[in-house]
Amino acid sequence: MKMKRAVAINDISCLGKCSLTVALPIISALGVEAVVLPTAMLSTHTAFEGFTFCDLTDQMEPVSRHWQERNEHFDCIYSGYLGSMKQISLVEDFIDTFKNSDTAVIVDPVLGDNGMLYKNFTVDFAREMAKLCSKADVITPNLTEAAYLLGRDYVGEGYSEEYIRETLRKLSALGAEKVVLTGVSYDKKSLGVATYDSASGEYGYIKSDKINSMFHGTGDVWASTFAGAFTKGMSFTDAVKVATEFTVEAIKATLDDKDEHWYGVKFESCLNKLTSLD
Ligand code: PXL
């Protein structure tokens, strides 16, 4: 049987367990060929002090031109952390070039967390990211990213189900058919992801236990698992479930070592859950 193929457009944080060092093993474990288009190389992710940053923007066009000459095909285009407005526009061009009727475009609009933008990101950058979201079939923001994409205040707790549904509809109005909002919690004990499929008008909420520890890179673990599972052919709802369960397992596997392993989750010990999926 022909293998499905996803291209992950993301940075490579050499140490730190996020972006491509997470996307590659997870997508591969799901039995999907993982192609990478690296946007930058950093010594670590940006939550470490003193990271190096090598911009790879000028490599993105020649790499995609070579693939275009070869008539390469992607079943999924999955973008994550992008370092500049120029890179956003290059990803838009990439989608215009490679998206076919059977290509799923998944944009994880990486902008920030806990109400704050990541280092070096601005409100203007978030506005450009919202434009990229209009080219996606599925977008996967957290609550912070949703606020910046929609240009409204961040509400981190105490919101109603109707507020979340309205947020999902507004996010979908940016242009993506399906929206996943991560990090949604209606009570102290649980945390989950809220979904909206504008084609069917269906809302969903996949709940899991709330773990009172913060780890970096869990958004990338979630989005990479979702991208791999969706590309593999799972339904939107099933791919959301697999991604949520896998991320929670990976967080639980890290709890015994949470101070030393603050920079990312130990997803490696859970990869067998993905390789065993049909
Ligand atoms: O996990 C998101 C992410 C991806 N890439 C880089 C980051 C971050 C979050 O801090 O710094 C370089």
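Before any of the text, the structure's been laid out above.
Residues numbered from 1 in each chain as written. Predicted model: local features only at pLDDT ≥ 70, side-chain atom pairs only at ≥ 80, totals over all residues. Heavy atoms only, no water.

K.L.:
Looking at this model, I keep getting lost on the pattern of salt bridges. Mind explaining?
P.N.:
Pairing between side chains becomes possible if they bear opposite charge and their charged atoms approach one another. What the rule picks out here adds up to 16 salt bridges. Between Glu162 and Arg169 there is a salt bridge; the shortest N-O distance is 2.9 Å. For Glu162, a relative accessible area of 43% gives the class partly exposed. Residue class for Arg169 comes out partly exposed when judged on its relative accessible area of 33%. Here Lys266 ties to Asp256 by a salt bridge, and the two come within 3.7 Å at their closest N and O atoms. Here Lys266, found in the loop between α8 (236-252) and α9 (271-275), pairs with Asp256, found in the loop between α8 and α9; they are 10 residues apart in sequence, far enough to count as distant. Residue Lys266 is classed as partly exposed on the basis of its relative accessible area, which comes to 21%. (Salt bridge = Lys/Arg side-chain N within 4 Å of Asp/Glu carboxyl O. Buried < 20%, exposed > 50% of the residue type's maximum accessible area, 1.4 Å probe, protein only. Helix = DSSP H or I, 4+ residues; strand = E, 2+ residues; numbered from the N terminus.)

K.L.:
Looking at this structure, I do not really get the site of the ligand. What am I missing?
P.N.:
Taken together, Asp11, Ser13, Cys18, Ser19, Leu42, His45, Thr46, Tyr81, Val110, Tyr118 and Asp220 make up the full set of residues near the ligand. With respect to the ligand, the side chain of Asp11 contributes an N or O atom lying 2.7 Å from a nitrogen atom. Within the side chain of Thr46, one N or O atom sits 2.6 Å away from an oxygen atom of the ligand. Summarising the interface, the protein chains cover 96% of the accessible area of the ligand, which totals 320 Å² for the free molecule. Considering only residue class, the shell around the ligand consists of 5 nonpolar, 4 polar and 2 charged. (Near = heavy atom within 4 Å. Polar contact = N/O pair within 3.5 Å; in protein donor to acceptor, adjacent residues only side chain to side chain. Areas by Shrake-Rupley, 256 points an atom, 1.4 Å probe, with all protein chains shown as cover. Nonpolar A, V, L, I, M, F, W, Y, C, P; charged D, E, K, R; others polar.)

K.L.:
Could you clarify how one ought to interpret the pairing of strand β10 (residues 190-197) in this entry?
P.N.:
The side chains of a regular strand alternate, residue by residue, between the two faces of the sheet. The element β10 is extensively covered by neighbouring structure, given that 7 of its 8 residues are classed as buried. Inspection of the sheet shows strand β9 (residues 178-184) paired to β10 by 5 bridges, in the antiparallel sense. Bridge pairing in β10 places Leu181 opposite Ala194. Between β9 and β10, which follow one another and run antiparallel, lie 5 residues. Two elements, β10 and strand β11 (residues 202-209), share 8 bridges in a ladder whose sense is antiparallel. Across the sheet, the residue bridging to Val193 is Ile206, located in β11. Linkage of β10 to β11, two consecutive antiparallel strands, is achieved through a turn of 4 residues, within which Gly201 is found at a positive phi near 75 degrees. (Pairing = 2+ DSSP bridges.)

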